[in-house]
Amino acid sequence: MVNGSGTHRVLLVLCLALGAGAGASADTGVVAAERLRTEYHSNPLGIDQIQPRLSWIVRSDEPGQRQSAYRVLVASTPELLAADTGDLWDTGRVESSQTAQIVYGGSELGSRARCFWKVQAWDHQGRPSPWSEAASWSMGLLDDADWSASYITHEDKSPVFKKTKQLYLPPANQFRKAFTAGKQVKKATLYATALGIYELYLNGKRVGDAYFAPGWSDYNQRAYYQTYDVSELVGDGDNALGIWLAEGWYSGYVGFGLLTGIGTEKTGRATYGKTPSVMAQLEIEYTDGSRETIGTDDSWRVTSDGPIRAADLLMGEEYDATRENSAWSTAGFDATPWGPAILAEDVPAADATFYEFVNPKKHGERPKVKGRPVKLGFKRPRLEAFPGNPVRVTEEIEPIRVLPRPNGAYIFDLGQNFAGVIRLKVKGPAGHRIGLRYGEMLHPDGRLMTENLRKARAQDAYLCKGDPAGETYTPRFTFHGFQYVEVTGLLAPPQPSAVTGLVLHSDTPMVSTFECSDPMVNKLFSNIRWTQRSNFIDLPTDCPQRDERMGWTGDAQIYVNAATYNADVAAFFTKWMRELMESQRPSGVFPGYAPYPFQHGWDFGSAWCDAGVICPWTIWQAYGDTRIIEECWGPMTVYMDWRRSTLKNGLGITQGNPWGDWLSQGARTPFDYIDTVYAAQSARMMSEMAAAIGRQTEAEEYARLLDRVKASFIKKYVGEDGTLGIETQTAYALALSVDLVPEELRPLVATKLADKIVDNGARMSTGFIGTRPLLPVLSATGNNDLAAFLLQSHEFPSWGYEIDQGATSIWERWDSYTREDGFGRHNAAMNSFSHYSFGAVCEWMFGDLAGIRSDGPGYERIIIRPQPPAPGSNGDHEPIDWVRASYDSIRGPIKSAWSLKEGRFELRVQIPTNTTATVILPAADEASITVDGKAIDSVQGVSLVSLDNGQAAIAVPSGAYRFVSTNAVPAATRTFSAKP
Ligand code: BGC
């Protein structure tokens, strides 16, 4: 779904017609309904949810305001909506405070239906708001029969490529079709999809701004399509439509296929097919009411002789500008030399052998690679409207320095590790070659470090067209994870402006800010955000640079909650959940990555496989989204059947890929221990999700499963003295986090965890799996000072250590590079500088340090519970003594800002209209707390709920408040230090 400019025009007219007065109401105390969205998008086009969900937020300057009722109108035309007629749906006045996940319940919506909607909200005194500004959505092509277009391709006589020592990088193809719009155009809509990746042009102008459409799915089963409003691009008279088509994930190099010798002919390419194809359908409505459709078919023309000579996501792009003809997608262009497009269905399938691992039949054996015959031919996938956020350029970065190299090359340092492409500005004679190589780091001698890219060649090339005024190039069909670009072939020393970094990622709205008194932690927050952006490229990937970039499920489940704090990832995960559910293995388990182009090793690993339960649960919690539970329910229950069937005496299994607590520091936590904990956690989450969608019996069944696993866990692992038998920090953190320890032993187990860390020199030994729960568990069990200490530490292994080594992103390993040993500590091939898993600590920074959490699903009730470290608790650094954080939730913006000076704790909060909060703050007694300078009970709606253990819980309605608690935080009794 991409917003077309035509939609904006309609909305502008609408706003003018409605007087756009909604915002004014907030001043009067009455609520205003704002930020209207459909299926998490503003004015989406071409959706295929036949009962889309609507949401808005309400805003008021009056504290304690809420929505007591709403009315939604959905109309088929802007005019009807302006006349307050909801011909498609008029909810009437609904007594409800709900503002999100409102399921459309109006007339049935067919393909192409256009819906214009607005909301009126009543405040808690029954005063109505003015109507909101109008919003809209349109339906896509709901039925396969709506597509009169056909998939087209070019004539591809190349044999199936079988070489593994050489790359095969075919050119991108250009398709075009001239057409005449015989009458006056009222509206034009373009639908497009591809087996490959496409970019569309209309009359020489680019359609939309998305990269890598239609996105990665298992093309053998399913592909996405996008919808564009092109009303302003189609002219009356002669027009032309142009399409670029590249291999993308469909037939280009994918993941570590080439490296590990799997996939089609062990090349890691041609995974889903051999020849990409595209289907587009332009539907024109004329002002006289007649319609015309121009679809891809064999009347189109195609060429493989265009400027893009090679285009591959991992390997890079080669562009020969001497072949460029900027008129190729305009009506006047002569395409006689081009060939006819071919219907993809007419292309005979090619025989090939597909290699991948298969699980062993016999117990104790390891998976082995096997080949099986496949037919590489066109298979029409099931089509779905793209539900996610398109990948876009979201930011431009200028180089901070240019470093000349002895061989005449120049390295541009962009000062930030990110994912994307560059815009290159050069001058050179026709055919002159400029080479581009990318790297995340430099060797100490100034060379670009590319060893960690493995088989991802990550090189682009540009052949100049010879324009004396200079020329500009930006790759379309590749991306790189990098900070440095080496440019060869420049004819004169360049200005830094010769290269601009274009930051690419799925355009999930960024929703938070975080700042505190420790500059290192602020840098950490920046690094976490950068790494999330770099790795949310159509799906949550492990890394953006080397030959993986796959949807690793373990990394995603570890990080998903942190992700929800940084960005609105509801639509993004809605999309990826489809890939994850679709990737379910025949056994019922979820694999190590999704999409699942090929099996490597076993088809699953403990804790990775639980992503199929953890991710839907987390999205439900953050956004109150129960539809994601419904959509994943079938596969999730099949998965739980697998979990049940693999339990032995209520305990987890040892087989599967042995990733365990991946990258732990010399402390091995056995797989069956990890698996048991995750089995319990999945059972608990399933029980909660079942209850949320009204499946009471299953809720009870999963609760019983949890009890069974917990009982077995306690029996096998938990000693009466609070020892767990498995003496690693990870084992303790997991058990506490999943609540597998008897209540009475929790304090003992928690103390043992803290002691273990202290005994380890006040350092973590946890890997991906153990680090995520570590700080939250410490804070939840009375060891918040230690949690804050670990966050602020600079000693290895820690976030601060990595930052001291120069990190601008989160690294795969704490010491992927050190000033002392360079890259020498690790295998260069497994050394990514953009891997978000250790960035999961972001959830602690928001949830505990700033103290912003949802109390139940969807932020309808909020908990603000900041946890300041005690003065004197940190022997190495000044403990954090102020934090300012904000999070724009699905219910509106939340703020928590605190400072602690000489025992006086001050907290400013903002609670969105139509929500309530419990503010929990350190306090000696009631008398030492003020709210806005007054006693608690004298502030309207604010009341003390409890005061124990030095913590006051205060019920707070919406609004902005300043709490002060004197004598709040006594000096620490224990001081931590990790200094040798
Ligand atoms: C990936 C990880 C992933 C792991 C499995 C790696 O190659 O980059 O992040 O989870 O494999 O252990």
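Residues numbered from 1 in each chain as written. Predicted model: local features only at pLDDT ≥ 70, side-chain atom pairs only at ≥ 80, totals over all residues. Heavy atoms only, no water.

**Student:** Sorry, what's going on with the overall build of the protein chain here?
**Tutor:** A count of helices and strands for the protein chain gives 17 helices and 50 strands. Here the C-alpha atoms of the protein chain give a radius of gyration of 29 Å, agreeing with the 30 Å that 2.2 N^0.38 yields for 980 residues. Taken as a whole, the protein chain presents about 34,000 Å² of accessible surface, with 49% of it coming from carbon and sulfur. Of the charged side chains in the protein chain, 96 are positive and 114 negative; the average position of the first set lies 4 Å away from that of the second. (Helix = DSSP H or I, 4+ residues; strand = E, 2+ residues; numbered from the N terminus. Rg over C-alpha atoms; globule rule 2.2 N^0.38 Å. Areas by Shrake-Rupley, 256 points an atom, 1.4 Å probe, with all protein chains shown as cover. Lys, Arg positive; Asp, Glu negative; His and termini not counted. Charge placed at Lys NZ, Arg CZ, Asp CG, Glu CD.)

**Student:** Which parts of the structure should I look at to understand the site of the ligand?
**Tutor:** Close to the ligand lie Asp 542, Arg 546, Glu 548, Trp 552, Asp 555, Trp 608, Trp 659, Trp 662, Phe 768, Glu 812, Met 830 and His 835. Contacts to the ligand include Asp 542, whose side-chain N or O atom sits 2.7 Å from an oxygen atom. In this structure, Arg 546 approaches the ligand through a side-chain N or O atom, which is 2.7 Å from an oxygen atom. Here the ligand has 310 Å² of accessible area as a free molecule, and 96% of this is covered by the chains. Across the shell around the ligand, the residue classes tally to six nonpolar, one polar and five charged. (Near = heavy atom within 4 Å. Polar contact = N/O pair within 3.5 Å; in protein donor to acceptor, adjacent residues only side chain to side chain. Nonpolar A, V, L, I, M, F, W, Y, C, P; charged D, E, K, R; others polar.)

**Student:** How should the nonpolar core be read in this particular structure?
**Tutor:** Here is a general trend for soluble globular proteins: nonpolar side chains tend to be buried in one another's company. Residues Phe 212, Phe 514, Phe 573, Leu 791, Met 845 and Phe 963 are the most contacted members of the largest nonpolar core, which totals 237 residues. Excluding residues within four positions of it along the chain, Met 845 makes contact with Phe 514, Val 521, Leu 524, Phe 525, Ile 528, Leu 791 and Ala 850. Core analysis: the second largest hydrophobic core is formed by 30 residues, Ile 152, Tyr 198, Ile 284 and Ala 341 among them. (Core = buried A, V, L, I, M, F, W, Y, C linked by side-chain atoms within 4.5 Å. Buried < 20%, exposed > 50% of the residue type's maximum accessible area, 1.4 Å probe, protein only. Contact = heavy atoms within 4.5 Å.)

**Student:** Sorry, what's going on with helix H6 (residues 553-566) here?
**Tutor:** The α-helix advances 3.6 residues per turn, and as a result positions three or four apart in sequence lie on the same side. Taking 1.5 Å of rise per residue, the 14 residues of H6 would be expected to cover 20 Å, and the 19 Å separating its terminal C-alpha atoms lies within 8% of that figure. Burial analysis of H6 places 13 of its 14 residues in the buried class, the great majority of the element. (Expected span 1.5 Å × (residues − 1).)

**Student:** I would appreciate a short explanation of the packing of aromatic side chains in the present structure.
**Tutor:** Two aromatic rings, taken as a pair, are described by how far apart their centres are and by the angle between their planes. For the coordinates displayed, the defined rule picks out 64 aromatic pairs. Considering the side-chain rings of Tyr 151 and Phe 378, the 5.0 Å spacing of their centres and the 55° angle between planes classify their relative orientation as tilted. Of the two residues, Tyr 151 is situated in the loop between strand E8 (135-138) and strand E9 (152-153) and Phe 378 in the loop between strand E25 (368-376) and strand E26 (382-385); the sequence distance between them amounts to 227 residues. Owing to a relative accessible area of 3%, Tyr 151 belongs among the buried residues under this scheme. Judged by centre distance (5.8 Å) and plane angle (65°), the rings of Phe 514 and Phe 846 are edge-to-face. Here Phe 514, found in strand E37 (residues 512-516), pairs with Phe 846, found in helix H17 (residues 842-850); they are 332 residues apart in sequence, far enough to count as distant. Note on Phe 514: relative accessible area 6%, which makes it buried. An aromatic cluster of three or more residues is present, and its members are Phe 256, Trp 552, Tyr 593, Tyr 596, Phe 598, Trp 608 and Trp 659. Across the ring face of Tyr 355, the terminal group of Lys 266 is positioned such that the distance to the ring centre comes to 4.7 Å. (Phe/Tyr/Trp six-rings, centres within 6.5 Å; stacked < 30°, edge-to-face > 60°. Lys NZ or Arg CZ within 6 Å of the ring centre and 35° of its normal.)

**Student:** Help me understand unusual backbone geometry in this model?
**Tutor:** Glycine aside, the phi torsion of most residues is negative, and most peptide linkages are trans. Cis geometry is found at the peptide bond from Ala 213 to Pro 214, where omega equals 10°. Note on placement: Pro 214 falls in the loop between strand E13 (205-206) and strand E14 (222-229). Omega for the bond connecting Phe 796 with Pro 797 falls within 30 degrees of zero, at -5°, which places this linkage in the cis form. Mapped onto the fold, Pro 797 is located in the loop between helix H15 (784-792) and helix H16 (799-804). In this structure, Ala 762 takes a positive phi of about 55° despite not being glycine. When its relative accessible area of 3% is taken as the criterion, Ala 762 is described as buried. Of note in the backbone geometry, Asn 914 takes a positive phi value of approximately 75° without being a glycine.

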